[in-house]
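# Chain and residue survey
One-letter residues, chain by chain:
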Amino acid sequence: MRPEEELTSAAATGNTERVKHLLQSGVNGNGVNGFQRTPLQVMMMGSTPVARLLLEHGAVPNVRDCSTGTTPLHDAARTGYLETVRLLVEFHADSQATDNNNCRPVDLAQLNGHQEVVDFLLSI
Amino acid sequence: MGCQSAYAYQAMAQEVQYEPVAQIGGGAYGTVYKARDRESGQFVALKSVRVQTDQDGLPLSTVREVALLKRLEQFDHPNIVKLMDVCASPRTDQETKVTLVFEHVDQDLKTYLEKAPAPGLPAHTIRDLMKQLVNGLEFLHSHRVVHRDLKPENILVTSRGQVKLADFGLARMYSCHMALTPVVVTLWYRSPEVLLQSTYATPVDIWSTGCIFAEMFRRKPLFCGESEADQLGKIFEVIGLPSEEDWPADVTLKRHNFSPQKPLPFPDHVPEICSKGEDLLKKMLSFDPLRRISALNALHHDYMKEED
């Protein structure tokens, strides 16, 4: 398996130890897998430790899904994981980014009833 | 035949609707992908299994297993992941790919425990997680489904704290393929009767639940064995070596292979556990599967009724 493939899979399964090991051994945190997605785009959204590792190793948060225009902040907001939302914003994720349906992260949080995320995104 | 082509059409539609974004599991038996449902924008888990077919189509065992999963789905149980779609696409004359589309939850219990700040989860959170976990398990067991591989990685936790069990019901579909594949599987949540390759049924899941219950307090696994014998040794260090009469007959590993051990008090291993919790844990970690507490009785145990 290619290292980029391994890193995206480790991020998607929330395997913090593996993500850490791969990043420390020099795997590109912005490399794409066979589906053209970066680790941050496919990570387990509830895994703040994985998100932090990736962001601290220079993963770019403002990357749009090639078919839906979704950013990681959209997905974190839609699924309601506030800590990950905060972290992405701290690392300069664009809270005004729109997906192909013209939705911002706050719109998806609203739609899915994640009030704490809505409040946070409106407060910045 | 009409059914076959309808499935093929569905398969095409499915490939358009669900776009894989990353591989999240797999082996020689099939693959699991995290994918995006283009219609809803949500993530789903695509699980595919390759099954052998003959002139009669899919093997009856597969058809039954899928039918069971669909039947379970109709109950819309809050603590079970949703099965959203099922699809079969013929690959060759002898092989068909069966794909199951499940709801994807972006957090598992392993991650949830990892994130818990020191000194660990509050008692009421552990109780709430346990109630939901046992509730889901009781539902599966009441439909005669044994999970067989319960572990923190397949207990999902939504951002609202809702627990959902995943990866159940596929065990049999996978098992015939898995026997051929050297897949690394964790032994840590395996019950003694599984480790001894004796009989096993619903009590195996209660054992795993007991291990997970202890882990919620400890924030690290209770028994971390490296082989079947090592795993049993670690278990006996805590629950004591079972008596000769409790040892199952006709198993390769004999009781005399293990050193005599007296059971240790659970709070030594599970700090902060209350007395009712300790009682429940003891009943879940009973060596004899027949004396182990059932999911239904666990649900009505005093620990579950306690107020915080």
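Residues numbered from 1 in each chain as written. Chains lettered and ligands numbered in written order. Predicted model: local features only at pLDDT ≥ 70, side-chain atom pairs only at ≥ 80, totals over all residues. Heavy atoms only, no water.

How two aromatic rings sit relative to each other is given by the distance of their centres and the angle of their planes. Evaluated as defined, the whole model comprises 10 aromatic pairs over all chains. Ring centres of Trp 207 of chain B and Phe 223 of chain B lie 6.1 Å apart, and the angle between their planes is 20 degrees; this geometry places the pair in the stacked category. Of this pair, Trp 207 of chain B sits in helix α7 (residues 203–218) while Phe 223 of chain B sits in the loop between α7 and α8 (228–239), placing them 16 residues apart in sequence. Assessed through its relative accessible area of 1%, Phe 223 of chain B is described here as buried. Here Arg 78 of chain A stacks its cationic end above the ring of Phe 43 of chain B, 5.3 Å away from the centre of that ring. (Phe/Tyr/Trp six-rings, centres within 6.5 Å; stacked < 30°, edge-to-face > 60°. Helix = DSSP H or I, 4+ residues; strand = E, 2+ residues; numbered from the N terminus. Buried < 20%, exposed > 50% of the residue type's maximum accessible area, 1.4 Å probe, protein only. Lys NZ or Arg CZ within 6 Å of the ring centre and 35° of its normal.)

Moving on: the UniProt feature "repeat: ANK" (unreviewed entry) in chain A. Those residues carrying the UniProt feature "repeat: ANK" (unreviewed entry) are residues 68–100 of chain A in this numbering. Counting secondary structure, residues 68–100 of chain A comes out at 52% helix and 0% strand; the distance between its end C-alpha atoms is 6 Å. (UniProt positions renumbered as here; feature names shortened; annotations may be inferred.)

In this section: the domain arrangement of chain A. Residues and elements named next belong to chain A. Taken domain by domain, chain A comprises domain 1 (1–60) and domain 2 (61–124). A C-alpha centroid distance of 19 Å is found between domain 1 and domain 2. Counting residues at the interface gives 15 residues for domain 1 and 18 residues for domain 2. Roughly 1,300 Å² is buried in total at the junction of domain 1 and domain 2, and carbon and sulfur atoms are behind 69% of that figure. Between the two partners, domain 1 and domain 2, sit one salt bridge. (Domains from an automatic or database assignment. Contact = heavy atoms within 4.5 Å. Buried area = accessible area lost by both parts, 1.4 Å probe. Salt bridge = Lys/Arg side-chain N within 4 Å of Asp/Glu carboxyl O.)

Residue and element names in this part refer to chain B. Within this structure, the stated rule accounts for 23 salt bridges over all chains. Taking the shortest distance from any N to any O, the salt bridge between Asp 279 and Lys 283 comes out at 2.8 Å. Of the two residues, Asp 279 and Lys 283 are both situated in helix α9 (residues 275–284); the distance of four residues between them amounts to about one turn of the helix. Since its relative accessible area comes to 32%, Asp 279 is described here as partly exposed. For Asp 288, the salt bridge is made with Arg 291, and the minimal N-O distance between the two is 3.2 Å. A residue is classified by how much of its surface remains accessible, and Arg 291, at 53% relative accessible area, is exposed.

Before going further, it helps to examine the packing of helix α1 (residues 3–12) of chain A against helix α2 (residues 16–24) of chain A. Residues and elements named next belong to chain A. Relative to each other, α1 and α2 sit at 150 degrees, their axes nearing to 8 Å. Viewed along their axes, α1 and α2 adopt a mutual orientation that is roughly antiparallel. Relative to α2, the crossing made by α1 is left-handed. Only Arg 18, Val 19, Leu 22 and Leu 23 of α2 make contact with α1, whose side of the interface consists of Glu 6, Leu 7, Ala 10 and Ala 11. Classifying every residue of the contact of α1 with α2 by side-chain character gives six nonpolar, no polar and two charged. (Axes fitted to C-alpha atoms, helices over the stretch in contact; angles between N-to-C directions. Parallel < 35°, antiparallel > 145°, perpendicular 65-115°, else oblique. Left-handed = near helix turned anticlockwise from the far one by under 90°. Nonpolar A, V, L, I, M, F, W, Y, C, P; charged D, E, K, R; others polar.)

Every buried residue of α2 of chain A is listed here: Thr 16, Val 19, Leu 22 and Leu 23 of chain A. Projected down its long axis, α2 of chain A shows its buried positions confined to an angular sector of 135 degrees, all on one face. Opposite the packed face of α2 of chain A, turned more than 90 degrees from it, sit the exposed residues Glu 17 and Gln 24 of chain A. The elements touched by buried residues of α2 of chain A are α1 and α4 (48–56) of chain A together with α3 (109–115) of chain B. Following α2 of chain A by one or two positions, Gly 26 of chain A adopts a phi angle in the positive range, close to 95 degrees. (Arc of directions from axis to C-beta.)

Turning our eyes to something else, we now look at the UniProt feature "binding site: ATP" (unreviewed entry) in chain B. As recorded in UniProt, the feature "binding site: ATP" (unreviewed entry) lies at Lys 47 of chain B. Among the secondary structure elements, Lys 47 of chain B is positioned in strand β3 (residues 43–52).

Below, the discussion takes up the pairing of β3 of chain B. The side chains of a regular strand alternate between both faces of the sheet. Residues and elements named next belong to chain B. For β3, a buried count of eight out of 10 residues is recorded, marking the element as mostly surrounded by other parts of the structure. Pairing geometry for strand β2 (residues 30–37) and β3, over seven bridges, is antiparallel. Within β3, the residue paired with Arg 36 across the bridge is Phe 43. Once β2 ends, the chain turns through five residues before running back antiparallel as β3, passing Gly 41 with a positive phi of about 80 degrees. Of the pairings in the sheet, the one linking β3 to strand β5 (residues 95–103) comprises nine bridges and is antiparallel in character. Its bridge partner being in β5, Leu 46 is matched across the sheet by Val 101. (Pairing = 2+ DSSP bridges.)

Grouped together as the largest cluster of nonpolar side chains are 104 residues, with contacts concentrated most on Met 130 and Phe 213 of chain B. Residues within four places of Met 130 of chain B in sequence aside, it is in contact with Thr 209, Phe 213, Met 216, Met 284, Tyr 303 and Met 304 of chain B. (Core = buried A, V, L, I, M, F, W, Y, C linked by side-chain atoms within 4.5 Å.)

Once that is clear, we can look at the interface of chain A and chain B. Contact residues are listed per partner, giving 31 residues for chain A and 25 residues for chain B. In this assembly, chain A packs against chain B so that about 2,200 Å² is buried in total across both faces, 48% of it on carbon and sulfur atoms. Together, Phe 35, Met 44 and Tyr 81 of chain A form the three largest contributors to the area buried by chain A at its contact with chain B, with a combined 25%. The tally of links from chain A across to chain B stands at two salt bridges. Looking at the side of chain A that touches chain B, the elements with two or more residues in it are α1, α3 (39–42), α4 and α5 (72–79) of chain A. When residues of the side of chain A that touches chain B are assigned to their parent elements, the largest contribution, three residues, is made by α5 of chain A. For the side of chain A that touches chain B, the per-class residue count stands at nine nonpolar, 18 polar and four charged.

All names here are of chain A. Contact geometry for helix α6 (residues 82–90) and helix α8 (residues 115–123): axes closest at 10 Å, N-to-C directions at 20 degrees. Overall, the two elements α6 and α8 adopt an arrangement that is roughly parallel. The element α6 and its partner α8 pack so that their crossing is right-handed. Contacts between α6 and α8 involve Leu 82, Val 85, Arg 86 and Val 89 on the former and, on the latter, Glu 116, Val 117, Phe 120 and Leu 121.

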